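Next come the chains, spelled out residue by residue.
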Amino acid sequence: MSNTFELTKKQEKALADNSWKPYNSGGMFVINKADFKNDWNEVCSNFNLDEDCERATLFVVGVAQDKKDDVE
């Protein structure tokens, strides 16, 4: 299993329009309306999505890591 993906030009533009820049260590989560039948309106509200969408892709555009010495 690979943890890499390739964004479409439309997805790249949407990220750039919102001042985001994807990194090689990024990732994405796809959430489907069918998985949140009773809570879909709340999920949409939390992520500012249209309630009539069937799925959403949440992008993690970079990953920050804290090492033990950094958090002490």
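All values derive from a computational prediction rather than experimental measurement. (Residues numbered from 1 in each chain as written. Predicted model: local features only at pLDDT ≥ 70, side-chain atom pairs only at ≥ 80, totals over all residues. Heavy atoms only, no water.)

K.L.:
When you look at the nonpolar core in this model, what are you seeing that I'm missing?
P.N.:
Nonpolar side chains in soluble globular proteins tend to end up buried together. Residues Ile31, Trp40, Val43, Cys44, Cys53 and Ala56 constitute the largest nonpolar core, which totals six residues. Other than its neighbours up to four places away in sequence, cysteine 53 contacts Lys33, Trp40 and Cys44. (Core = buried A, V, L, I, M, F, W, Y, C linked by side-chain atoms within 4.5 Å. Buried < 20%, exposed > 50% of the residue type's maximum accessible area, 1.4 Å probe, protein only. Contact = heavy atoms within 4.5 Å.)

K.L.:
When you look at the state of the cysteines in this model, what are you seeing that I'm missing?
P.N.:
The bond known as a disulfide is covalent and runs between the sulfur atoms of two cysteines. According to the stated counting rule, one finds zero disulfides in the structure shown. Of the cysteine sulfurs around cysteine 44, a residue in no disulfide, the closest is that of cysteine 53, at 4.4 Å. You can call cysteine 44 buried: its relative accessible area is 1%. On the basis of relative accessible area, cysteine 53 is assigned to the buried category, the value being 18%. (Disulfide = S-S within 2.5 Å.)

K.L.:
Teacher, can you tell me more about helix α2 (residues 40-47) here?
P.N.:
Structurally, the α-helix is built with 3.6 residues per turn, so residues lying three or four positions apart point the same way. Among all positions of α2, only Trp40, Val43 and Cys44 are buried. Each buried residue of α2 lies within a common arc of 100 degrees when the element is viewed along its axis, so the set occupies one face. Across α2 from its buried face, at more than 90 degrees, point the exposed residues Glu42, Ser45 and Asn46. Just past α2, the residue asparagine 48 takes up positive phi, approximately 55 degrees. (Helix = DSSP H or I, 4+ residues; strand = E, 2+ residues; numbered from the N terminus. Arc of directions from axis to C-beta.)

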